[in-house]
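Summary of the model geometry
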Amino acid sequence: MKDSRFPAILEIKLAGVVEALMKSSGMTLDDALAKVYHSQVYQALEREDTKLWHHSPLLLLDCLTSEFDTGVPEFPDE
């Protein structure tokens, strides 16, 4: 997807991930945003070539949870 749609898709995907994180952890919006934006998962997600953006927010939340628990995100196999 080499066009201008990627930033919009990324924004929508991030909203879903942040919302899922808030629901699962009880975090505030500010805390959830900070956790996501400072994660390795986010660094990979913002790179279009990783194709992580096509996964569901819940699967991405699993990746984040793995990173929070172990320090290393566990990405799905393709």
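From a predicted model like this one, the values you see are computed outputs, not experimental measurements.

**Some points on the overall build of the protein chain**
Helix and strand content of the protein chain: four helices and zero strands. Counting helices and strands in the order they occur from the N terminus, the protein chain gives α-α-α-α. The C-alpha radius of gyration of the protein chain comes to 12 Å, within 12% of the 12 Å expected for a compact globule of 78 residues. By its C-alpha atoms, the protein chain is 35 × 25 × 20 Å across when sized along the principal axes. Summarising the internal contacts of the protein chain: among those between residues at least 6 apart in sequence, 52% fall at separations of at least 24. Element-wise, carbon and sulfur atoms account for 55% of the exposed surface of the protein chain, whose accessible area totals about 5000 Å².

**Quick word on the nonpolar core**
Generally speaking, a soluble globular protein has its nonpolar side chains buried in company with each other. Core analysis: the largest hydrophobic core is formed by 19 residues, its most contacted members being Leu14, Val36 and Leu45. Those elements that provide at least two residues to this core are helix H1 (5-25), helix H2 (29-37), helix H3 (40-45) and helix H4 (57-70). Here this core takes seven residues from H1, the largest share from any one element. Excluding its chain neighbours within four sequence positions, the residues that come into contact with Leu14 are Val36, Tyr37, Tyr42 and Leu45.

**Digging into unusual backbone geometry**
Of note, Lys51 is a non-glycine position whose phi angle comes to about 65°, a positive value. Here Lys51 shows up in the loop between H3 and H4.

**Considerations on H4**
For H4, which comprises 14 residues, the first-to-last C-alpha distance of 20 Å matches the rise-based estimate of 20 Å (1.5 Å per residue) to within 8%. Considered for burial, the residues of H4 that qualify are Leu60, Leu61, Cys63, Leu64, Ser66 and Glu67. On its buried side, H4 packs onto H1, H2 and H3. Note on H4: the residue one or two positions beyond its end, Gly71, has a positive phi of about 90°.

**Brief notes about the packing of H1 against H2**
At a minimum axis distance of 9 Å, the contact between H1 and H2 shows a crossing angle of 120°. Classified by the angle their axes make, H1 and H2 are oblique. In this structure, H1 crosses over H2, and the sense of that crossing is right-handed. Along its contact with H1, which presents Leu14, Val17, Val18, Leu21 and Met22, the element H2 presents Leu29, Ala32, Leu33, Lys35, Val36 and Tyr37. Tallied by class, residues from the contact of H1 with H2 come to 10 nonpolar, no polar and one charged.

Cut-offs applied
Residues numbered from 1 in each chain as written. Predicted model: local features only at pLDDT ≥ 70, side-chain atom pairs only at ≥ 80, totals over all residues. Heavy atoms only, no water. Helix = DSSP H or I, 4+ residues; strand = E, 2+ residues; numbered from the N terminus. Rg over C-alpha atoms; globule rule 2.2 N^0.38 Å. Contact = heavy atoms within 4.5 Å. Areas by Shrake-Rupley, 256 points an atom, 1.4 Å probe, with all protein chains shown as cover. Core = buried A, V, L, I, M, F, W, Y, C linked by side-chain atoms within 4.5 Å. Buried < 20%, exposed > 50% of the residue type's maximum accessible area, 1.4 Å probe, protein only. Expected span 1.5 Å × (residues − 1). Axes fitted to C-alpha atoms, helices over the stretch in contact; angles between N-to-C directions. Parallel < 35°, antiparallel > 145°, perpendicular 65-115°, else oblique. Left-handed = near helix turned anticlockwise from the far one by under 90°. Nonpolar A, V, L, I, M, F, W, Y, C, P; charged D, E, K, R; others polar.

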